[in-house]
Structures are given as C-alpha cells and as structure tokens.
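# Notes for the structure review
Each chain is listed here by its residues.
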Amino acid sequence: ASADTPALGKPPEPIAEHNLLDSTHGGRAAAFIYYGDGNFENVYLREGRSWRKVLGTEERVQTVNSLSSGAAWLGAELLVVSYRDAPRGQLLALDTAGHARVLVPQQDWAINGVAPIKGGFLLIEVSGPDWRARQFDAAGHLVRAVPLPASGIGIGRVASDEDSSVAVISYSGW
C-alpha cells in the first residue's frame, strides 16, 4: 500500500471532494473535484491510465447537487450540465480530447440532470414546482417527452445505460 500513489495527485486543498463517474464499458472515467458544498467543480477525464483536467470551475459544473446526475457518458463523449452564461443550464458534450460543444442550449426549463439511453439521452428538467423528463437523440434533437404526471412530482435518480432503450425514472409526489 505504501507504493500506491494518487492518480490525480495530492488534492489541491484539504477539503477537496471527489465525485467519480465511469463509462458503461469501463474504458473511460471522469472525476469532478470540488472544494466544499455548493462550489463548482473541476472536471478531469481518464483514458487508459492518464488523467487530465478538461474543465475548470469557470464552466460552472455542479454534478454533486443534481438529484438525477449532472453528467453521463454517451459513447466516447461525456455529457455535463454547465451553468456558465446559462443560469438554467446547458448540456455540453466533451470529446476524448476534452473539447466541449453545446449539445442542448439553455431552454425555458432548468436542466437538473442527464442520463444515457440507447441512441441518445434523457434530460431531467424543472420549472418551479414542475418536473419533466425528455428524450433526445445523440445529436441533441428532441425525440419525445416521457409520459409522467404533469405536476406534483419531483424526479430523483434515473437507472439507465447507453446499451438499453429502457430506463427506470424514480419520482415522488404529493
């Protein structure tokens, strides 16, 4: 154990916390490092044994505060919700080199999370007390709204992966 070394090096601050996300088939991973509750995260990507920082806190990524996961792998791309210049969130796609592009721009509803599904992804969104889930193809085009109660629910975790067209969406109501 004394020969073990931290893959991301020594944490830059004693209060740094890590949130990890691996890809469906285990070939890739992402690390989201933040410095205490409510702070934005640095994003690191791993391919093979190598880690590199691809987004800093200025991108305003906050996966840890999402009820339904603020990031997901879709093939070789990492999808993350960014709040930079988008207070309701926009969905970015990061390639293996760490280049980011806007996949879904900011809309009228706030983006709370993203989950992979075969051929695309689900976006979990909130507007005041109302929540919804919408399915998009891999290019970011709307496919459909998932039929859930129109109001009176809060969406939690989504169990899904990019190899299946089936997802389980948890929600509770009042």
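Small disclaimer: the values here were computed from a predicted structure and weren't measured. (Residues numbered from 1 in each chain as written. Predicted model: local features only at pLDDT ≥ 70, side-chain atom pairs only at ≥ 80, totals over all residues. Heavy atoms only, no water.)

Turning next to the packing of aromatic side chains. Taken as a whole and assessed by the stated rule, the structure comprises 1 aromatic pair. Pairing Phe121 with Phe136 gives two aromatic rings, centres 5.4 Å apart and planes at 5 degrees, and the pair type is stacked. Of the two residues, Phe121 sits in strand β10 (residues 120-127) while Phe136 sits in strand β11 (residues 130-137), which places them 15 residues apart along the sequence. Taking relative accessible area as the criterion, Phe136 reaches 4% and is therefore assigned buried. (Phe/Tyr/Trp six-rings, centres within 6.5 Å; stacked < 30°, edge-to-face > 60°. Helix = DSSP H or I, 4+ residues; strand = E, 2+ residues; numbered from the N terminus. Buried < 20%, exposed > 50% of the residue type's maximum accessible area, 1.4 Å probe, protein only.)

When the charged atoms of two side chains lie near each other, side chains of opposite charge can form a pair. Applying the stated criterion across every chain yields a total of 4 salt bridges. With a closest N to O distance of 3.4 Å, Glu59 and Arg84 form a salt bridge. Taken as a pair, Glu59 in the loop between β4 (50-55) and β5 (71-74) and Arg84 in the loop between β6 (77-82) and β7 (90-94) lie far apart in primary sequence, 25 residues in all. The class of Glu59 is buried, set by a relative accessible area of 12%. For Arg84, a relative accessible area of 35% translates into the label partly exposed. Glu125 is the partner of Arg134 in a salt bridge, and the nearest nitrogen-oxygen pair spans 2.7 Å. Members of the salt-bridge network, linked through shared partners, are Glu125, Arg132 and Arg134. (Salt bridge = Lys/Arg side-chain N within 4 Å of Asp/Glu carboxyl O.)

Now for the sheet that holds β7. Strand order across the open sheet formed by 4 strands is β5-β6-β7-β8, with antiparallel pairing between neighbours. The strands lining the two open edges of the sheet, one partner per strand, are β5 and β8 (100-104). With strand direction ignored, the average angle separating the axes of adjacent strands in the sheet is 30 degrees. (Pairing = 2+ DSSP bridges. Axes fitted to C-alpha atoms, helices over the stretch in contact; angles between N-to-C directions.)

All right, on to the sheet that holds strand β2 (residues 28-34) then. An order of β1-β2-β3-β4 is seen for the 4 strands of this open sheet, with the pairing classed as antiparallel. Two strands bound the open sheet, and with one partner strand each, they are β1 (17-22) and β4. Direction aside, the axes of adjacent strands within the sheet are offset by 25 degrees on average. Examined bridge by bridge, β1 and β2 share 6 bridges and lie antiparallel to one another. Within β2, the residue paired with His18 across the bridge is Ile33.

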